[in-house]
Amino acid sequence: MTQTTQRQTNRTDGEPAVRRDRSSTVRVKDSTDTVFLVVKIVLVLFLAGYIWAIFRGDSGLTVDLSAAETALQADSTVTALTQGDRSTLNQALGLDGSDYDGYLFYTADDVMDVSELLVVKTDDPEQQQELAEVVDAYLEDLKSSWEHYGTNQYDLLGDAIVLQKGDCFIYAVSEYNEHWEEEILSCVG
């Protein structure tokens, strides 16, 4: 054992005098690089799949408007509103209901009540984007009207729900908007 120790410490730079086969070191390094490359490729593919799933995640979902209408008509918080028709929708938001696969629109009778509920069925991404833009502009216009006049109304408008899930677009303003959202989303599947 002393001879081996002696041979390893005979170098002047303090490094051990053990011979190493450089080809095995290169082979180990090459296989390590290959493993890291495979891991990187797998992670990139997983990330790409995850991003694809996020953007496509709920595109296959569809809303059953008749079930949503039945559920909403059984809800006293919705029945306090008036169900609007095509002209009411056009007058309020400038939208033509015949452009979509279906819609439900409820609005308050009282001019001091900003409660509204709109459910639109459309699987066209351009129409969904248009709906979001129209509703956002409409909300901003309403907020500016109520800003210094009706603080309760302004707060309700600030808490409005605007969302899209599958082919269902929802716009809700009310103290019950989260409840309405749950009822409608229970009809999306």
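Refer to the structure above for everything that follows.
Quick caveat: nothing in here was measured; it's all calculated off a predicted structure. (Residues numbered from 1 in each chain as written. Predicted model: local features only at pLDDT ≥ 70, side-chain atom pairs only at ≥ 80, totals over all residues. Heavy atoms only, no water.)

### What to know about a negative patch on the surface
So the rule is basically this: Only residues above 30% relative accessible area that lack a salt bridge enter a patch, with like-charged residues linked at up to 9 Å and the nonpolar side chains Val, Leu, Ile, Met, Phe, Trp and Tyr linked at up to 5 Å. The Shrake-Rupley method, run with a 1.4 Å probe sphere, supplies the accessible areas, and residue values consider only the shown protein chains as cover. When a carboxyl oxygen of Asp or Glu is within 4 Å of a side-chain nitrogen of Lys or Arg, the pair counts as a salt bridge. Positive charges come from Lys and Arg alone, negative charges from Asp and Glu alone, with His and the N- and C-terminal ends not counted. For charged residues, the charge sits on one atom: NZ in Lys, CZ in Arg, CG in Asp, CD in Glu. Numbering of helices and strands runs from the N terminus; a helix is a DSSP stretch of H or I covering at least four residues, while a strand is a stretch of E covering at least two.
Together, Asp99, Glu130, Glu133 and Asp136 make up a region of like negative charge exposed at the surface. Turning to its location among the elements, Glu133 is positioned in helix 6 (residues 125–146).

### Topic: the nonpolar core
Put simply, the rule is: Take the buried Ala, Val, Leu, Ile, Met, Phe, Trp, Tyr and Cys residues and link them wherever side-chain atoms come within 4.5 Å; each set so joined is a nonpolar core. The rule is simple: take the accessible area with a 1.4 Å probe, protein chains only, and divide by the maximum for that residue type; under 20% is buried, over 50% is exposed, in between is partly exposed. The contact criterion used throughout is that any non-hydrogen atoms of two residues lie within 4.5 Å.
Judged by nonpolar contacts, the single largest core of 20 residues is most densely connected at Leu72, Leu104, Tyr106, Leu117, Val119, Cys168 and Ile184. Contributing elements (two or more residues each) for this core: helix 3 (65–73), strand 2 (102–107), strand 3 (116–121), strand 4 (161–165), strand 5 (168–173) and helix 8 (177–185). Leaving out residues up to four positions away in the same chain, Leu117 has contacts with Leu72, Val78, Leu104, Phe105, Tyr106, Ile170, Tyr171, Ala172, Trp180 and Ile184. Listed in part, the 18 residues of the second largest apolar core include Leu95, Val120, Val135 and Leu139.

### Digging into the sheet that holds strand 2
Where we set the bar: Here the rule is simple: two strands pair whenever DSSP picks up at least two bridges between them. Working convention: axes come from line fits to C-alpha atoms, limited for helices to the stretch in contact. Angles between N-to-C directions cover 0 to 180 degrees.
Pairing is antiparallel in the open sheet, where five strands are placed in the order 1-2-3-5-4. Edge positions in the sheet fall to strand 1 (82–83) and strand 4, since each of these pairs with one other strand and no more. In this fold helix 3 packs onto strand 1, strand 2 and strand 3, with an angle of close to 20° to the strand it touches most, strand 2. The strands touched by helix 6 within the sheet are strand 3, strand 4 and strand 5, with strand 5 carrying the most contacts at an inclination of about 10°.

### Observations concerning the layout of surface pockets
The criterion, for reference: Lining residues are those with an atom within 4 Å of a point, where the points come from a 1 Å grid over the protein atoms alone and group into cavities, where a 1.4 Å probe fits but cannot get out, or pockets, open sets with protein on both sides within 12 Å along at least five of seven lines. Grid points are joined across faces, edges and corners, and a volume is the space filled by probe spheres set on the points. Amino acids outside the nonpolar list (Ala, Val, Leu, Ile, Met, Phe, Trp, Tyr, Cys, Pro) and the charged list (Asp, Glu, Lys, Arg) are all regarded as polar, and Gly is one of them.
As a volume, the largest pocket reaches approximately 160 Å³. Forming the boundary of the largest pocket are Thr107, Ala108, Asp109, Asp110, Val111, Asp113, Val114, Ser115, Glu116, Tyr138, Leu142 and Trp146. The leading source of residues in the lining of the largest pocket is helix 6, at three residues. For the lining of the largest pocket, a count of residues per class yields six nonpolar, two polar and four charged.

### Observations regarding the pairing of strand 4
For a regular strand, side chains alternate in direction, first toward one face of the sheet and then toward the other. Looking at chain direction, strand 4 and strand 5 are connected through five bridges and run antiparallel. Looking at the pairing, Val162 lines up with Tyr171 of strand 5. With antiparallel pairing between neighbouring strands as the criterion, strand 4 and strand 5 make up a hairpin whose turn holds two residues, including Gly166 at a positive phi of roughly 60°.

### Re a nonpolar patch on the surface
On the surface, Val35, Val39 and Leu43 cluster together to form a nonpolar patch covering roughly 270 Å² of accessible area. Within the secondary structure, Leu43 is located in helix 2 (residues 22–56).

### Looking at the side chain of Asp75
One can find Asp75 in the loop between helix 3 and helix 4 (76–79). Comment: no salt bridge for buried Asp75; closest opposite-charge side chain is Lys165, at 20 Å. Excluding anything up to four places from it in sequence, Asp75 contacts His179, Trp180 and Glu183.

### Observations regarding the packing of aromatic side chains
Here is the rule we go by: Planes of paired rings set the category: under 30 degrees apart is stacked, over 60 is edge-to-face and the rest tilted, where pairs are Phe, Tyr or Trp rings (Trp by its six-membered ring) whose centres lie within 6.5 Å.
Under the defined criterion, the tally for this structure stands at two aromatic pairs. Measuring from ring centre to ring centre gives 6.2 Å for Tyr138 and Tyr171, while their planes differ by 80°; the resulting arrangement is edge-to-face. You can see Tyr138 sitting in helix 6 and its partner Tyr171 sitting in strand 5, a full 33 residues away along the chain. With a relative accessible area of 16%, Tyr138 lands in the buried category.

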